[in-house]
Amino acid sequence: MNLLEYQAKELFQQMGIPILPSQRIDHPKDLKGLKIPYPVVLKSQVYTGGRGKAGGIRFAENTIDAIAAAQTIFHLSIKGHYPTVLLAEAKYEPDQELYLAVVLDRSQRRPLLLGSRAGGIEVQAAVRHIQQVVVDEEFSPFYARRLAIKMGLQGDLIELVSGIIEKMYRLFAEKDLDLVEINPLAVSLSGDVMALDGKVTANISALARHPDLAALREQLPRPGIGASTALPSEMRLVELNGNIGILCNGAGLAMSTLDLVNQAGGKPANFLNLGGESDYRLPPNLLQERVQQGLDWMIQNADLNVILINLVGSVVPCDQIAAVIGVYLNQRRAGQRPPLVMRLVGQNFETAKQSLAALDVPVFDQLDAAIARAVALSKG
Amino acid sequence: MNLLEYQAKELFQQMGIPILPSQRIDHPKDLKGLKIPYPVVLKSQVYTGGRGKAGGIRFAENTIDAIAAAQTIFHLSIKGHYPTVLLAEAKYEPDQELYLAVVLDRSQRRPLLLGSRAGGIEVQAAVRHIQQVVVDEEFSPFYARRLAIKMGLQGDLIELVSGIIEKMYRLFAEKDLDLVEINPLAVSLSGDVMALDGKVTANISALARHPDLAALREQLPRPGIGASTALPSEMRLVELNGNIGILCNGAGLAMSTLDLVNQAGGKPANFLNLGGESDYRLPPNLLQERVQQGLDWMIQNADLNVILINLVGSVVPCDQIAAVIGVYLNQRRAGQRPPLVMRLVGQNFETAKQSLAALDVPVFDQLDAAIARAVALSKG
Amino acid sequence: MSFTSDHKVLVQGITGALGVLYAPLMKAYGTQVVAGVAPGHGGQRVADIPVFDLVEQALGAVGKVDTTVIFVEPYRVLDAALEAIAAEIRQIVLITEGVPPLDMVRLARKADRVETLIVGPDSPGIIVPGQVLLGTHPPEFYTPGSVGLLSRSGTLTYEVALQLTQAGLGQSIAVGIGGDRIVGSSFQQWLQILEEDDQTDVIVLVGEIGGDSEETAARYIAEAIDKPVIAYIAGRTAPKNQPMGHAGAIIASLVAGWGTEVGTADSKIAAFKEAGIPVADRPSQISDLVKKALSSM
Amino acid sequence: MSFTSDHKVLVQGITGALGVLYAPLMKAYGTQVVAGVAPGHGGQRVADIPVFDLVEQALGAVGKVDTTVIFVEPYRVLDAALEAIAAEIRQIVLITEGVPPLDMVRLARKADRVETLIVGPDSPGIIVPGQVLLGTHPPEFYTPGSVGLLSRSGTLTYEVALQLTQAGLGQSIAVGIGGDRIVGSSFQQWLQILEEDDQTDVIVLVGEIGGDSEETAARYIAEAIDKPVIAYIAGRTAPKNQPMGHAGAIIASLVAGWGTEVGTADSKIAAFKEAGIPVADRPSQISDLVKKALSSM
């Protein structure tokens, strides 16, 4: 879960990482009560990058300028996203801009400290100059100093910057974050440092043990897939532009099914992973419930020619899944729903096949055959 | 640094350990604004134990009773200590009382979890029934469950009590404590738990990294040795009842010198450890400054027949110490101060001896000889 | 390889939703589930398996076990695994999904130090067909044989196993290393185990988009694995930068942002091809490639 | 024993108040102080010792060292020691006082795992007279010989060493294990080292009231040490339950409150007597007891 810049900076402040005086702006008129002296910078609070180039960052010398700039930014789309909040911040002229980040390295299964003397907008160009330090054992500040020295820092800057890295790591560890990034960390000639922009990504799995972060999630509209909020959060939905709905149990299986539909010339409209295989909360009828929820969502939110259901290796026998489909079909007449194609494997397959055949739903135990039928129906 | 019960319970509450509704009472009249329903318990807030037996815990059914009880407790000495604060708390009838603690085990160099089913006032009698679990590696909740099971708990109580132990450990670790104790932890038949009394000891060395605990230190008068606050906290003073002042560099040396004075029939009035041998902040003239401070304190605060100074193995040469003594003697005439006996070893001993001899201060390089002279002078 | 029908198995979290469902299935398959652990439930039985409050109590009663399968809720997985390690269990299978990544980092540091093999989390565990079931694999899809199957998925693993079985290709083992971002053991570790396993003649590696496990595995195979390996990658046509279940979670925020293409299907397939490893276009093609590999041995 | 004049020594915190004072004294004594570390001071020199920003940079420049002596401020001691351990230094001397006990717990867990010897904190370190000085002992009080001196104190150790030297009894080594509540190595560890050390004929153990180190040491000597041991305990006449410097800090709150008398001078002296170890009444009596022990060998 990405945080907005101003939320990230609130966490920085709690951790003692220096930030500029700033104020959250919900409406342009909030600028009349601005407590920061001019000149100020107004920054669009969106989840995507590239807002500077898009015009989402503007300077203002006085209140009139600021209100005009704020109105512009509120109406400016950054890669399709409009801000609901701006951040007004004191203007600052850095002498040097550093890049710092803490992330998780999947293959090493350890946190990674990243840093570069080419910070700010230069970092993308100088990606190969980013230095790395693996936090192999439990963190201790010497890992931060290692990074500072790899970055080529000298003298007082070593302790100054490693102190910031240490605080970033503590934030990362205490809040279970996926990413803490400061870009740029401004360094002044007098040896002060200041986090001018920051990115924080909270880990969704750990959110339930961080009520403060979970509250941020509620606080603001979420980016992107708004409609999926009607589904349980464990059910993952991806929307596309075709006419075949795909409903599977398991992420890998969903992707594989999507690939097969595409390879067979079909056009997927979406694919929905029912999840739950290793979900601790698993109630005995989880799969049946989710099939029902998934089908309900699909027929209400997408214009489909066919829905392909591919369920593999569940502990729920095929006949019980067939029963759920039976209920679903009874609730809706043929004109109100697209045809179904089912691929089932597991216990009581033959019983399920027979009962669904009676309802005109083709059932396959071979995946390729189910794909072929679904694609044919979608074109028909 | 010991905390008072109500301070300990504030920490418990922050950590999610259940405590009864309670209110701090600074004056008996505060009870007029009591927000807890009667009956209540009023508890003397002193650092020493045994306040129950001494009458420092009283029940009250209404405001009139409560004010009278509070007045009594404020004027009741518990082993020489008067409370400056009381705690008013809801009354509670436990079904079962457990003892729980987290401490540091010196020899194993690990934290130790302690627990007993014989809690409350029974714990002293049943000290041999206290179960122990060493937290050998980094803490994980299974250590707490081990203790709960060693205590003989069963069923839901295992998770309930180990949950409390886990929170005690987190408090212990996060705040660098020497001791967290709950005695008793009340357990009700319905399976609720409640910390009825608590002790927390903060570690002095770690206090500077816990501003919240350091603030508690300022907040309240300290127990015991009030006069020593005039000395730097690194200088440790112990007051006794005799007439010989003892001033040494180092705790072990001070105790050894004290023993020798006692063995020789002298009566120490106090002994003062100048400290600082391994003090990171060590300025070059630390020892000289502290000798001066120590002598100033001694002549102002104790009626002494002689002061014995024993300084060993400092990096400060003997002649520089002699110079400090010279300054001290010049500031005060013979009638204003007790005679000095000095034991010095190290560089430039002879120079020091000669310059101090001119000031009528006997200087020895043999400890036993210095002791004998000091004891003789104390009796003369 | 040490997973045989002789092996003794502990189930932690045996009274929870997953444990109650799968421990009896494991036992029914012939796995020697000698004890269960569930704090507060000591003295109970689940499918006639005795339940204890602590791992050390369980081991005290039933003796040493070879593997523990952990079904506890996500925020208790780390503690359960550390409890098992403290009791000197050196093979741990984590089934539960949703374990916070930094818990896994702490567990990985500990497991590396004491040389403990961790499978999962968010994993179907391990099945050695005809011998032992350590997790949630549906046994009816599997049959004994010589194909070693490694995967990051759950149900897609079952799909591939079923198609192998239907094609007459039995399995020596199937391991789901786990779908979460940080998992206890890597493809490389398992490739090495299967390289040394006498029962395994050919290895099938089922990957997904996201992360760099497949790229790293491909390089490792080229360097260190002599047995034939067949690869399959799910998500070739999945849209980029969309978190979808566990797959591809990392693509979104970090690596892709820097303009490198690690984690895509193209990158993974290219890595396998460069290492000389045949890549199946679809699950049903895997058995053909396996047969081809076996016939040329 | 591995502390000889050949040994290479690193000083961490060489530019701080303690480091600047003692590193030159160590070097003047003949100790091979090959490098110093002080973040931000890389490139400087202290008493002609080159200073580096990181331990690994120092070792990169001067090669492997045998021991590091750490003089950094108390809240940085843990980090400095962990940095040294990460650079594979396996003998660490901590001088600074005021290290939080839980930092020492974390360090002790780590040191135990990687078999690293920690001396201190709040310690004068180690001196091997005529060979090497690793800390703050005043060298002029010491002379080479066969008495191994172990102590929890600083200046009291110097006092005892001086009286031994004046009595013609040189020392094979003197170790201050540290005055803080949690120290890195115990009397037992050092007793074992001296038992195996060819240079040491007799051991003097200087204890203090507080804690149970002396009681534990006494039991250990009875079981495992064949060389003669002479003990001395400071604080026989000190009042109880008064924290005085580092000594006796634990008596106050915990143990004494439960009615047991561990930690008092009586308890310690009784433990030594029970173990057959002569206890000196005063420092000046130690040399007599040492001579007696040596003459009866």
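Residues numbered from 1 in each chain as written. Chains lettered and ligands numbered in written order. Predicted model: local features only at pLDDT ≥ 70, side-chain atom pairs only at ≥ 80, totals over all residues. Heavy atoms only, no water.

## Concerning the overall build of chain C
Part 1 of the reasoning: Helix and strand counts for chain C come out as 10 helices and 14 strands.
Part 2 of the reasoning: Scaling as 2.2 N^0.38, a compact globule of 297 residues should have a C-alpha radius of gyration of about 19 Å, and chain C matches this with 19 Å.
Part 3 of the reasoning: Counting only C-alpha atoms, chain C reaches 55 × 45 × 30 Å along its principal axes.
Part 4 of the reasoning: By the burial criterion, 63% of the 297 residues in chain C qualify as buried.
Part 5 of the reasoning: Sequence-distant contacts, at least 24 apart, represent 72% of the contacts inside chain C between residues at least 6 apart.
Part 6 of the reasoning: Total accessible area computed for chain C in this model is approximately 9,600 Å², and 49% of it derives from carbon and sulfur atoms.
Part 7 of the reasoning: Counting 21 positive and 33 negative side-chain charges, chain C places the averaged centre of each group 2 Å from the other. (Helix = DSSP H or I, 4+ residues; strand = E, 2+ residues; numbered from the N terminus. Rg over C-alpha atoms; globule rule 2.2 N^0.38 Å. Buried < 20%, exposed > 50% of the residue type's maximum accessible area, 1.4 Å probe, protein only. Contact = heavy atoms within 4.5 Å. Areas by Shrake-Rupley, 256 points an atom, 1.4 Å probe, with all protein chains shown as cover. Lys, Arg positive; Asp, Glu negative; His and termini not counted. Charge placed at Lys NZ, Arg CZ, Asp CG, Glu CD.)

## Considerations on the domain arrangement of chain A
Part 1 of the reasoning: As assigned here, chain A comprises domain 1 (21–90), domain 2 (96–219) and domain 3 (228–379).
Part 2 of the reasoning: Distance between the C-alpha centres of domain 1 of chain A and domain 2 of chain A: 26 Å. (Domains from an automatic or database assignment.)

## Quick notes on the sheet that holds strand β7 (residues 117–119) of chain C
Sheet strands associate in pairs through backbone hydrogen bonding, adopting either a parallel or an antiparallel arrangement.
Residue and element names in this part refer to chain C.
Part 1 of the reasoning: Taking strand neighbours across the sheet as the criterion, the 7 strands line up as β3-β4-β2-β1-β5-β6-β7 in an open arrangement whose pairing is mixed. In the strand order of this sheet, the two ends are held by β3 (45–46) and β7, each with one partner.
Part 2 of the reasoning: Relative to β7, strand β6 (residues 91–94) runs parallel, the two being bridged by 3 bridges. In the strand pairing of β7, Val93 is matched with Val119.
Part 3 of the reasoning: Along the sheet face, helix α3 (residues 77–86) touches β1 (8–12), β5 (67–70) and β6 and points at about 165 degrees away from the line of β6. (Pairing = 2+ DSSP bridges. Axes fitted to C-alpha atoms, helices over the stretch in contact; angles between N-to-C directions.)

## Observations regarding the confidence of the model for chain C
Part 1 of the reasoning: Mean pLDDT over chain C works out to 91, with 92% of the residues at or above the 70 mark.
Part 2 of the reasoning: Scored by ipTM, the complex comes to 0.93, with pTM at 0.93. (pLDDT = per-residue confidence, 0-100.)

## So, the pattern of salt bridges
Part 1 of the reasoning: Counted according to the given criterion, the structure contains 62 salt bridges over all chains.
Part 2 of the reasoning: A salt bridge links Glu5 of chain A to Lys43 of chain A, with the nearest nitrogen and oxygen atoms 2.6 Å apart. With Glu5 of chain A in helix α1 (residues 5–15) and Lys43 of chain A in strand β2 (residues 40–44), this pair connects stretches of sequence that are 38 residues apart.
Part 3 of the reasoning: Note that Arg145 of chain A and Asp79 of chain D form a salt bridge whose closest N and O atoms lie 2.7 Å from each other. Highlighted residues: Arg145 of chain A in helix α3 (residues 141–150) and Asp79 of chain D in helix α3 (residues 77–86), drawn from two different chains.
Part 4 of the reasoning: Judged by its relative accessible area of 6%, Arg145 of chain A falls in the buried class.
Part 5 of the reasoning: Taken together, the shared-partner salt bridges in this structure form one network comprising Glu5, Lys9, Lys43, Arg51, Glu89 and Asp197 of chain A. (Salt bridge = Lys/Arg side-chain N within 4 Å of Asp/Glu carboxyl O.)

## What to know about the confidence of the model for chain A
Residues and elements named next belong to chain A.
Part 1 of the reasoning: Averaged over all residues, the pLDDT of chain A is 89; the fraction at 70 or higher stands at 94%.
Part 2 of the reasoning: Within chain A, strand β11 (residues 236–239) has the poorest average pLDDT of any element, 82, and α3 the best, 98.
Part 3 of the reasoning: Note that pLDDT drops below 50 for residues 222–229; the model gives that stretch 10 contacts with residues more than four away or on any other chain.

## Some words on the side chain of Asn249 of chain B
Part 1 of the reasoning: Assignment of secondary structure puts Asn249 of chain B in the loop between β12 (244–248) and α6 (251–263).
Part 2 of the reasoning: Classification of Asn249 of chain B by relative accessible area gives buried; the value is 3%.
Part 3 of the reasoning: Within the local environment of Asn249 of chain B, its side chain forms a polar contact with the backbone nitrogen of Val312 of chain B, the two atoms lying 3.0 Å apart.
Part 4 of the reasoning: Setting aside anything within four residues of it in sequence, one finds Asn249 of chain B in contact with Asn273, Leu274, Glu277, Leu287, Asn310, Leu311, Val312 and Ser314 of chain B together with Thr155 of chain D. (Polar contact = N/O pair within 3.5 Å; in protein donor to acceptor, adjacent residues only side chain to side chain.)

## A look at the nonpolar core
Part 1 of the reasoning: Within the largest apolar cluster, 150 residues are counted, with the highest numbers of intra-cluster contacts made by Leu113 of chain A together with Leu113 of chain B.
Part 2 of the reasoning: When near neighbours in sequence (up to four residues on either side) are disregarded, Leu113 of chain A contacts Ala101, Val102, Gln131, Gln132, Val133, Val135, Phe139, Tyr143, Ala144, Leu147, Ile165 and Tyr169 of chain A. (Core = buried A, V, L, I, M, F, W, Y, C linked by side-chain atoms within 4.5 Å.)

## Focus on the interface of chain A and chain C
Part 1 of the reasoning: Contacts between the two partners involve 64 residues from chain A and, on the opposite side, 74 residues from chain C.
Part 2 of the reasoning: Interface area, chain A with chain C, both sides summed: about 5,400 Å², of which 56% is carbon and sulfur.
Part 3 of the reasoning: On the chain A side of the interface with chain C, the three residues burying the most area are Arg106, Arg109 and Tyr280 of chain A, jointly 18% of the side's total.
Part 4 of the reasoning: Among the salt bridges present, the one from Asp112 of chain C reaches Arg109 of chain A, with a minimum N-O distance of 3.5 Å.
Part 5 of the reasoning: Here chain A is connected to chain C by 23 residue pairs in polar contact (both at pLDDT 80 or more).
Part 6 of the reasoning: For the side of chain A that touches chain C, the elements supplying multiple residues, two or more each, are β5 (96–105), β6 (110–116), α4 (156–174), β8 (177–187), β11, α6 (251–263), β13 (268–273) and α10 (367–379) of chain A. (Buried area = accessible area lost by both parts, 1.4 Å probe.)

## Considering the pairing of strand β4 (residues 49–52) of chain D
Residues and elements named next belong to chain D.
Part 1 of the reasoning: Of the two faces of β4, the one lined by Ile49 and Val51 and the one lined by Pro50 and Phe52 are each fully buried.
Part 2 of the reasoning: Relative to β4, strand β2 (residues 32–37) runs parallel, the two sharing 2 bridges. What sits directly across from Gly36, in β4, is Val51.
Part 3 of the reasoning: Bridge count for strand β3 (residues 45–46) against β4 is 2 bridges, and the pairing is antiparallel.

## Overview of the domain arrangement of chain C
All names here are of chain C.
Part 1 of the reasoning: Assigned domains of chain C: these are domain 1 (8–119) and domain 2 (138–295).
Part 2 of the reasoning: On a C-alpha basis, the centroid separation for the pair domain 1 and domain 2 is 27 Å.
Part 3 of the reasoning: Buried area between domain 1 and domain 2, both sides added, is near 810 Å², and the carbon and sulfur share of it is 69%.
Part 4 of the reasoning: In this structure, the connection of domain 1 to domain 2 is made through 0 salt bridges.
Part 5 of the reasoning: Applying the counting criterion to the domain 1 and domain 2 interface returns 1 residue pair in polar contact (both at pLDDT 80 or more).
Part 6 of the reasoning: Taken together, the elements giving at least two residues each to the side of domain 1 that touches domain 2 come down to α4 (101–113) and β7.
Part 7 of the reasoning: Among the residues making up the side of domain 1 that touches domain 2, the classes are represented as 8 nonpolar, 1 polar and 1 charged. (Nonpolar A, V, L, I, M, F, W, Y, C, P; charged D, E, K, R; others polar.)

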